Amino acid sequence: MKFFIDTANLNEIKEAYELGVLDGVTTNPSLMAKEGIKGEENVRAHYKAICDIVDNNVSAEVIATDFDNIIKEGKELAKIDDKIVVKVPMIKDGIKAIKYFSSMDIRTNCTLVFSAGQALLAAKAGASYVSPFIGRLDDISTDGLTLIEDIIRIYDNYAYETEVLAASVRHTMHLLECANMGADVVTCPLNVITALLNHPLTDSGLAKFLADHKKVNS
Ligand code: E4P
C-alpha cells in the first residue's frame, strides 16, 4: 500500500519523507490556501519545492472547470516536474480531460469522487488514480469505507489499472480498513501516519527492556 501525505506544508512533507515511508503527496486548493500560497508563479514554485522533497507522485489540482482550460492548466502543471500528477475534478469536462491526458501519457488523479458510478467513469477515462473521499461521506452519515470496498470490487471485476487512492482519511481506523480491503493508496495528514507508531505495550515493553539492561550494566 502506498502512503501519500495530504498537505501543502513543506515541513510536514519533509518529516513524513524522512520517516522513510512516504510515496507521494496530495494537495488541493484549500490546502494551498491554508499555507498562504497565492498567485500562479508562487503556486508553481511551491509545487516544485514539494517535488524536490519527495521521490514521486505529487498531485497538483487544476482550478479550471472547462475542458480547454483544464487541458491548458494541466499541461502547465505537468511541465513543472515529472513527479506531477494532474488532479482533475469529477465533472463532465474533467472526464473528457482525463481521457485526453491519458492519451498524452500525463498522469491524472480524479478527485471529489463520492460514488461507485463516478469511480467507474474515471477508470474508463483512463485516470491513473481515483480519489474517493471517505471522511466527507462519513460527515453526511454515509459509510465512506463501503464506497472504497465497492470501487475495489468493480475495478477488480474488469482489471482496471486505475489505482484506488482513498482520500479524506481522518484516522488510523480509516487507514487500516483501507489496507484490509486492498486500497492501492491512502492519503492522510501526517498525524494519522505517526499515530500508527503508538502502542502502550511497546512503550511499557521498551521501558522494561531498558531498565533490565541498566540493572546489569551499571
Ligand atoms: C484528497 O486528495 C483531498 O485533498 C483530501 O483527502 C480531502 O480531505 P478532507 O476531507 O479531510 O479535506
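Note that residues are indexed from 1 along each chain, following the sequence as it is written. Reporting of local features is limited, given that this is a predicted model, to residues whose pLDDT is at least 70; pairs of side-chain atoms are given and counted only at 80 or more, and all residues count toward the totals for whole chains, interfaces and linings.

Things to note about the overall build of the protein
Secondary structure follows DSSP: runs of H or I at least 4 residues long count as helices, runs of E at least 2 residues long count as strands, and numbering of each begins at the N terminus. Check the secondary structure of the protein and you find 11 helices and 8 strands. Looking at the protein as a whole, 36% of its 218 residues qualify as buried. Three exposure classes are used, based on other C-beta atoms lying within 10 Å of a residue's own C-beta, which is placed from the backbone: buried for 20 or more, exposed for 12 or fewer, and partly exposed in between.

Things to note about the packing of helix α1 (residues 10-19) against helix α3 (residues 40-53)
Here α1 crosses α3 at 15°, and the two axes come no closer than 10 Å. Our classification of the angle between α1 and α3 gives roughly parallel. Judged by the twist between their axes, the crossing of α1 over α3 is right-handed. Two secondary-structure elements touch here, α1 through Leu-10, Ile-13, Lys-14 and Tyr-17 and α3 through Ala-49, Ile-50 and Ile-53. Under the grouping applied here, Gly and all other residues not named as nonpolar or charged are polar, the nonpolar ones being Ala, Val, Leu, Ile, Met, Phe, Trp, Tyr, Cys and Pro and the charged ones Asp, Glu, Lys and Arg. Broken down by class, the residue content of the contact of α1 with α3 amounts to 6 nonpolar, no polar and 1 charged. Angles shown run from 0 to 180 degrees and are taken between the N-to-C directions of axes, each axis being a line fitted to C-alpha atoms and, for helices, limited to the stretch in contact. Our angle categories are set so that under 35 degrees counts as roughly parallel, over 145 as roughly antiparallel, 65 to 115 as roughly perpendicular, and the remainder as oblique. Definitions for this section: a left-handed crossing has its near helix turned counterclockwise from the far helix by less than a right angle. A right-handed crossing has that turn clockwise. Note on contacts: each residue gets a C-beta atom placed from the backbone, and two residues are in contact if those atoms are within 7 Å.

Description of the packing of helix α8 (residues 144-158) against helix α9 (residues 172-181)
Running from amino to carboxyl end, α8 crosses α9 at an angle of 20°, the nearest separation of the two axes being 10 Å. Between α8 and α9, the crossing angle belongs to the class labelled roughly parallel. The way α8 lies across α9 gives a crossing that is right-handed. Residues Leu-145, Ile-148, Glu-149 and Ile-152 of α8 form the contact with α9, whose own contacting residues are Glu-177, Cys-178 and Met-181. Residues of the contact of α8 with α9, tallied by class, amount to 5 nonpolar, no polar and 2 charged.

Some details on the pairing of strand β1 (residues 2-6)
Here, a strand pair is defined by DSSP locating no fewer than two bridges between the strands. As judged from the 4 bridges shared by β1 and strand β8 (residues 185-188), these two strands associate in the parallel manner. Counted as the bridge partner of Phe-4 is Thr-187 from β8. For β1 and strand β2 (residues 24-26), the ladder comprises 3 bridges, and the chain directions are parallel. Looking at the pairing, Ile-5 lines up with Val-25 of β2.

Considerations on the UniProt feature "active site" (unreviewed entry) in the protein
UniProt positions are given in the numbering used here, feature names are shortened, and annotations may be inferred rather than shown by experiment. With numbering matched to this structure, UniProt assigns "active site" (unreviewed entry) to Lys-87. Relative to the helices and strands, Lys-87 resides in strand β4 (residues 84-89). The residues touching Lys-87, leaving out its near neighbours within four places in the chain, are Ser-59, Ala-60, Glu-61, Val-62, Asn-109 and Thr-111.

Looking at the site of the ligand
The ligand sits among Asp-6, Thr-26, Asn-28, Thr-111, Ser-131, Phe-133, Gly-135, Arg-136, Ala-167, Ser-168 and Thr-187. Split into classes, the residues belonging to the shell around the ligand amount to 2 nonpolar, 7 polar and 2 charged. All residues are tested the same way: a C-beta atom is placed from the backbone, and lying within 6 Å of a molecule or strand makes the residue near it.

What about helix α11 (residues 200-217)?
The first and last C-alpha atoms of α11 sit 26 Å apart over 18 residues, in line with the 26 Å expected at 1.5 Å per residue. Within α11, only 0 of the 18 residues are buried, which leaves it mostly out in the open. A helix is expected to span 1.5 Å for every residue after the first.

Details of the nonpolar core
In this description, a nonpolar core means buried residues of the types Ala, Val, Leu, Ile, Met, Phe, Trp, Tyr and Cys, linked to one another by C-beta atoms lying within 7 Å. One finds Val-86, Ile-98, Ala-122, Val-130 and Ala-166 to be the most contacted residues of the largest nonpolar core, which totals 51 residues. With sequence-adjacent residues up to four places away left out, Ala-122 is seen in contact with Met-90, Ile-98, Cys-110, Val-113, Ala-127, Val-130 and Thr-162.

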